[in-house]
Every structure is written in structure tokens, then in C-alpha cells.
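Examination of the molecular architecture
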Amino acid sequence: MVIVVAAVLWLNRWHLGRTAVTIADPLVRAWAARQVLESSDSVYHLTSSTIRVEEANRRIVIDTITITTDAAANARLPHPHPAVTVRFSRCALTGIDLAGLTAGRGLQAAHGGCDSVSLAERTLAVPINRPAMAPQGADSNNFLRFQGKLDLPGVLPFVGIDAVAFPHVHVAFDLLGSDGRRTSLAVDSLAVELDSLRIDPREPVATRRPLFSRDITVRLDRFEGSTKQAAHIALQHLRANLEDGSCRLDALVYEPSPGRRADSMGFDALRAEHVALAGVDWWTFLLTGDVAVARLNVDTLRLRVVAPTHMTARLLRTVTPSQHLETAIRAIGRPVRLDSLALTAVTVVEAPALRADSIITTIRRVDLGHLAFGPDDANWSTAFPVGRITLTVDGLLRRTRKMNIALAHLTLDASAQRLVADSLRAAPEGDDSAFERRNPYRKSRLSVAMGHIEVNGIDLPAYLRRDALRARMLGVRGLMLDVMKDKSKPEDPAPNIIRRTPQVVLRDAGVEIQIDTVTATGMVSYRERDSTASTAGILTFGAMRLRGYNFSTDPARMTNATPFRLIGDALLMGAGAMHVEWSVPLLARGFTMRWQGSLGAMDPRAMNAFLSNAVGMRFTGGTFLGAQWDAMVSNGLANGKLTPRWRNLHIELPGIARNDSSVVGGLMRGVAKLAANTFGIHGDNDSTGGHRPRDASITHQWVKIETLPQFIWFQLRDPLLLLLKK
């Protein structure tokens, strides 16, 4: 900008000829230096080489122009300016309208610029008494905005240049933000263009455009380089418009330096096909490093994550706990405001520390709104440390070697403290047959689906600051829990999978949890396949309603006297009304809980869909009158009482010679049925007919290869089978 002004000032002497120019040259250069000095509080000094006039080409040339900073004068200012060193080389102004200039209508030129520019800026002090992201006024004294104090001589009422180009610009910024942290930025071979530069002293200062130009465009093509901290940056194309606040990057690659920087950012590689920004406050960013963006769109984003982070890592027990989200966000070290973020075609690749295979997460689209945060402590003590954000996620799929997690849709509203998710499913990939092919020895398969999830009263600051999961209510509709046990598979030569108790899972996670109320509706199915059965028997708990209270890891709230309580109602096999209550002290050192329940009257033949293929028997008649049970689990040992009642039960044993369809096989099954009903089955267990009913003792020791549903089922199955036998 200074070289253009200096050249313009010489143009009003063009008609005096080369000799006059030579005489007046020192005076004009002194005038230009004085303008810079006055507009910078005597901090910036301008020097330039002799101005040369090429009359035949209507061209003015200046070989060098330099601006430096008087450090002593700057230090005396209450608000020091950035320390600046600028050098313009081989500068020219061409295509001058001599007739208009001679007639006193001002200067109009076709083109101006310099072959190369070097700009180095270093902020000396934290901005004082200024909001972190407040826009700079038009009459500010900072280096990039002189237009508030720059005036033209009376003989030159107007200056207009159609295009100003700097094809080779080197910039090096060392910026001190409002938090006192520094940001370094160095780029070679930028191209800068100013479109339609207009200097008119009659225009109000407040309406003057930055650098007097309609548009300011920065371009960078095929860039690859590294920062002082060894971070690697590459891109195919960059185009930024400083006037309309836009920027576009293509084929962006960013790899933060190894060590603490990558750890704080949470990833060690970022690749994006297209990045588009709109509404960028470039002036605030260039002066302080603070970020204010209206809209950011990223298409085809790929992140390589350092390791599984936060709660996920601890639940999987693969790595030590990482820093909280607050730590990662504050590591950015700058005030940031982002009104709208849209990510499409996102892929996140995790390389777990204890497995060679990667975990891949894909997301069709992410939308984030109203993000605003800063590094200062006051900001993080508010109810909205990252702003009143809204978040939408569509089409998430997380693939691991053992389990896939799919989510159709999720929304989060920080102001309403509410999260809603639709169609969540966690299951091994494929159906049962695909699971069997991939896992020839694995006998257990678990899948969970939730049609609709709603969380209210979310404590978002607690999650950001310490990974805490705190909410007033969690509600689930359409819960489908499916457990499969296949006894037909051969024994796995590998060690058994070690299961954990609820207490151990929460202790290993190390996560603060407080959910006051949990509700769920749906169905649970337990499938078991006998070693000779072709398909699995299925045990269903339909029309299920769950209510939970005080799911907490807070020692003040979770005690033996105030445990987590879960109450459930369901229909067993669509026929028997079941009511169950659990009381679980989640912070107990051992596996401790109490559970009790009841089952109403039902037709026992409703159980055949499960019993036939699970244990090789089925009921052919009789009445099941009901049952009650109560058991206490202490250190994994369940002790209690089961009180079932039935009348005139009859069974058959289809598991005998199940695979033999011959006459001999049928005869064997018939004999087994007769023997079972005549000699082996206690057909009545009620007070009718003079019989005294029998109760059963619940005694079962949990072993570390049992899942929790299996542990609960075995406590009822084993004593019930003992009562059936005579």
C-alpha cells in the first residue's frame, strides 16, 4: 500500500518532466515517510530508493521500499503496535491516465504492484482493554489499516488503480493472542491481489474498505512445508478473500508435530479434499491469531487418531486415560468463534495401542453450530464453556474387529441440555451364520439395538472438564437386547474371555457417572443352542418396561444403603407376567447385588420354543401357576430361595436321538418320553391332592466366563430343573 501511495504522489509531477521529478524526488519520499510516521504514532519508518519515470511506457518504477519498526518508540506506547519489517522489491505503476491527471481529476491507473514482498510481523504485547474477537475500527493504528489517517495532497483529489498485484509474497507472523500465547505462521510464495483500489478523502472513514480495495485476494498453489515445531502442511490450492471473509483450500494435509502437540490435538494426521470458510474475520486473525468464522464446510475429511481417547479407551482397557476434552480445546490457545460447521464424508482411523488392526469410524455428515470458546479460566467456569452449541450427526458407523456400532441420527442442544438419538445398534458384523464363519470357537454373541434415545438435563461442562457423564434422565424406546449362546461349537483352544462384574466395569472405566432416572421399553431375548440342535431355542421377555434410579459413581450418593435400583416388568414368552427388582451398590469392592422377582401363571408349553433346542426337552401339558424368588449376591456367590408352583406337568425329550429320523430314533424318543413322565418328572408342585409343594434353594457361584444375563438365568434354571426331577 505504501509503494502505491508514494508512486501516486509522484504522478502529479509527471507533466513537469524528468528534471522536475529528479529535483522533487527527495521531497516526495520524505512526504511519504512522514505519512507513515504520523499514522503509526512515530513507530514505523519508511525508506525507499529513487523513483524512476519511464515516460514512453507511462510507467513509474521504484526498486525498493522498506518499512521498519522503531523498537524504543514502540515500547513507550501504552498499547504497542506489532513489530513490523516489510520490504517491497521492483515495484511499478503502469497504464496511467495522463489526461485526467493533468486536468486535476486525480490519478487513474490500470495496474500497480511489486515483483516480491517480504512481510514479518511480531506482536509485542497482549491486546489490552479489547474484547478477544472485537473487530478493528476503520481508524485503528494497527499496521494493516492505515486508511483512517491517510490523506492525499490537495492537488490529487482521487486515486484509483484497477488492479494491484504482488505475485510473490513471503509472510512470517509471530502473533501474541489475547491469552498471552504465541502463534507462528510462515508462508512463501503467496500471491496477493487488490481489486479496484480507491482512495477518496471525501469518503467517510467508517465506510472505507480495508486497504481501500473492493476485494483482497490471496492465492497459494501446490504448497508443502513444515513449521518450526516440525508440523507438516501441504495443500494443492488456497484462495482467500480478505474483504468478503472467504477462503477455500483443496487437498489439505496437516500433520502436527509428534509428542505433546499431537497428543493435545487428539490426532496425528488430517486430510481434507475441500475446505471452504465464509465470514472470516481476517483482520483479527492476522493481528492477534484469534479466530472468528461464520461458516466452515469440510468435504471428505480423514483423521488418523493417536489412540482411542477419553472414556472409550478406558472402557476398552487399551490405553491409559487421555486428557479431558477441556485440555485438548484449551491447547488451541486462542479465542475461537465458529457459527456453523458442516463436515461430510468423515473417516476416523484409530490405531489401538494393543492391537494391530485399526478401528474405522465413518460419518455421513456432522453439523455443529454456535461454537465459541477461549483459553481463559473465566470462560470455563460458565454453564456454556464452548458456547450454546447445537450438534447433529447423521449416518455414523464404527467398525471394530469384534463389534460394529451404527447410529442413524443424533442431535445435541446445549441450551436445552438435551440429546436425542435414533436407531442405535451395536452388534458383530453380519448375521449368525457370518458370525459363526468368522468365529469358529466363540460361543456367545451379543447385540443391542435402541430405536430412540433421549437424554435430558445433560451437564455438558462436567463432560468437557472431566469426562463426567451426568444427566437428569435417560430414556430409551425400542430397546432390543439379544444374547446368543451356541453349545454346538467346539471348545476354543484359546483362553476363555474374562468377563467383568458391573462394579469392575465402572471401576476400570474411571468415569464419573450420575444419571438420576433411567427408563426403557422394549424386549430382551436369550437364545441357546443345544449341541445337537439345528437351531437355537429362544427365550423372550417382551413388552418390557424398565425403571432405574440413582445410577451413580459418586460416593456421596452410591452406598450400600442407597444402591442403584432397577425395576423391570415383562411378559415371559408372551404369556407370563414377570416383575423383577435389582439393587446394586455400584461402588462395592466385590460382586454384590440383590435381586427378587415373581412370575405369574402361564401355559408351560409357551416355553417350548426355547427348551426344545436349548436343553432337549419340551412340555406337552399341565399348568404353571407362578413363582417367586429372592437372592442375595455377595462376592459373586448367589444365595436365595425359589418358590415355583405347577400342576400336572408332562414333558417329552426331543433331544434324544434328535438327528435320527428313522423308526429306531422315533422309538427311542417315545421310550424316553414315557420314562421321563413315569419315573423322572415331578409333575405336581402345589398343595392340591394332598401334596406338599417343594421350594428350591438358589446357590450359584459366578465364574468369570459368564455374562451377567447368563449368571441371572442360571440362578433360576438350575434349581428349577432339580425340582422337576423326582
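Okay, so let's go over this structure. Fair warning: this is a prediction, and the values are worked out from it, not measured in the lab.

**Some thoughts on the overall build of the protein chain**
Across its full length, the protein chain holds 15 helices and 27 strands. The proportion of buried residues among the 726 residues of the protein chain is 47%. Taking all contacts inside the protein chain whose residues are at least 6 apart in sequence as the whole, residues at least 24 apart take part in 64%. In the form shown here, the protein chain has an accessible surface area of approximately 34,100 Å², with 57% of it arising from carbon and sulfur atoms.

**Notes on the nonpolar core**
Among the nonpolar cores identified, the biggest contains 152 residues, and Phe166, Leu539, Leu572, Met593, Trp595 and Trp629 are the most heavily contacted of them. Setting aside residues no more than four positions away along its own chain, tryptophan 595 makes contact with Val580, Glu581, Trp582, Trp629, Asp630, Ala631, Ile712, Gln715 and Leu716.

**Some details on helix α15 (residues 708-724)**
The terminal C-alpha atoms of α15, which comprises 17 residues, lie 25 Å apart, in line with the 24 Å expected from a rise of 1.5 Å per residue. Within α15 the residues assigned to the buried category are Gln710, Phe711, Ile712, Trp713, Phe714, Gln715, Leu716, Arg717, Pro719, Leu723 and Leu724.

**A few points about the environment of phenylalanine 591**
Within the secondary structure, phenylalanine 591 is located in the loop between β23 (576-584) and β24 (593-599). Taking the C-alpha atoms as reference points, phenylalanine 591 and tryptophan 702, 111 residues apart in sequence, are found 8.9 Å from one another.

**A look at the pattern of salt bridges**
Overall, the coordinates contain 29 salt bridges when judged by the stated rule. With a closest N to O distance of 2.8 Å, glutamate 326 and arginine 330 form a salt bridge. On the criterion of helical spacing, the pair formed by glutamate 326 and arginine 330 is a turn pair, its members being 4 residues apart in helix α8 (residues 325-330). Across the pair arginine 605 and aspartate 603 runs a salt bridge whose closest N-O atoms are separated by 3.0 Å. Among the residues examined, arginine 605 registers a relative accessible area of 46% and is labelled partly exposed. It is possible to trace a salt-bridge network through shared partners that takes in Glu326, Arg330, Asp377 and Arg465.

**Thoughts on the environment of arginine 105**
Tracing the backbone through its elements, the reader meets arginine 105 in the loop between α4 (98-102) and β5 (107-122). Separated by 53 residues in the primary sequence, arginine 105 and phenylalanine 158 place their C-alpha atoms 7.0 Å from one another. Not counting residues within four places of it along the chain, the set of residues in contact with arginine 105 comprises Ala99, Gly100, Pro157 and Phe158.

**Focus: the side chain of glutamate 350**
By the secondary structure assignment, glutamate 350 is in strand β13 (residues 336-350). Side-chain polar atoms of glutamate 350 contact the side chain of arginine 398, separated by 2.8 Å.

**Brief notes about the pairing of strand β12 (residues 291-305)**
For strand β11 (residues 267-278) and β12, the ladder comprises 10 bridges, and the chain directions are antiparallel. Residue pairing in the sheet places phenylalanine 267 in a bridge with valine 305 of β12. Here β12 pairs with β13 via 13 bridges, running parallel. Bridge assignment links valine 291 to a residue of β13, and that residue is valine 336.

**Brief notes about the packing of aromatic side chains**
Using the criterion set out here, one finds 8 aromatic pairs in the structure. Taking 5.5 Å as the distance between ring centres and 80 degrees as the angle between the ring planes, the aromatic pair formed by phenylalanine 591 and tryptophan 702 counts as edge-to-face. In this pair, phenylalanine 591 is assigned in the loop between β23 and β24 and tryptophan 702 in the loop between β27 (696-701) and α15, connecting sequence segments 111 residues apart. Accessibility expressed as a relative area gives 6% for phenylalanine 591, which makes it buried.

**Considerations on helix α12 (residues 502-509)**
For α12, the set of buried residues is Gln503, Leu506 and Ala509. Each buried residue of α12 lies within a common arc of 135 degrees when the element is viewed along its axis, so the set occupies one face. Looking at the residues trailing α12, positive phi occurs at glycine 510, about 65 degrees.

**Focus: the pairing of strand β20 (residues 513-529)**
With 13 of its 17 residues buried, β20 lies for the most part within the structure. In this structure, strand β19 (residues 469-486) lies alongside β20, joined through 15 bridges in parallel fashion. Each residue of the ladder has a partner; that of leucine 469, found in β20, is isoleucine 513. Across 13 bridges, the pairing between β20 and strand β21 (residues 537-552) is antiparallel. For arginine 527, the partnering residue across the bridge sits in β21 and is isoleucine 538.

**A closer look at unusual backbone geometry**
If you check the backbone angles, serine 196 has positive phi at about 55 degrees while not being a glycine. For serine 196, a relative accessible area of 16% puts it in the buried group. Of note, asparagine 550 is a non-glycine position whose phi angle comes to about 65 degrees, a positive value. Secondary-structure assignment places asparagine 550 in strand β21. Its relative accessible area of 14% is what places asparagine 550 among the buried residues.

**Some points on a nonpolar patch on the surface**
Taken together, the side chains of Ile498, Val703 and Ile705 present a nonpolar region at the surface, about 250 Å² in accessible area. Judged by its relative accessible area of 43%, isoleucine 705 falls in the partly exposed class.

Calculation notes
- Residues numbered from 1 in each chain as written.
- Predicted model: local features only at pLDDT ≥ 70, side-chain atom pairs only at ≥ 80, totals over all residues.
- Heavy atoms only, no water.
- Helix = DSSP H or I, 4+ residues; strand = E, 2+ residues; numbered from the N terminus.
- Buried < 20%, exposed > 50% of the residue type's maximum accessible area, 1.4 Å probe, protein only.
- Contact = heavy atoms within 4.5 Å.
- Areas by Shrake-Rupley, 256 points an atom, 1.4 Å probe, with all protein chains shown as cover.
- Core = buried A, V, L, I, M, F, W, Y, C linked by side-chain atoms within 4.5 Å.
- Expected span 1.5 Å × (residues − 1).
- Salt bridge = Lys/Arg side-chain N within 4 Å of Asp/Glu carboxyl O.
- Polar contact = N/O pair within 3.5 Å; in protein donor to acceptor, adjacent residues only side chain to side chain.
- Pairing = 2+ DSSP bridges.
- Phe/Tyr/Trp six-rings, centres within 6.5 Å; stacked < 30°, edge-to-face > 60°.
- Arc of directions from axis to C-beta.
- Patch = residues over 30% accessible without salt bridge, like charges linked within 9 Å, V, L, I, M, F, W, Y side chains within 5 Å.

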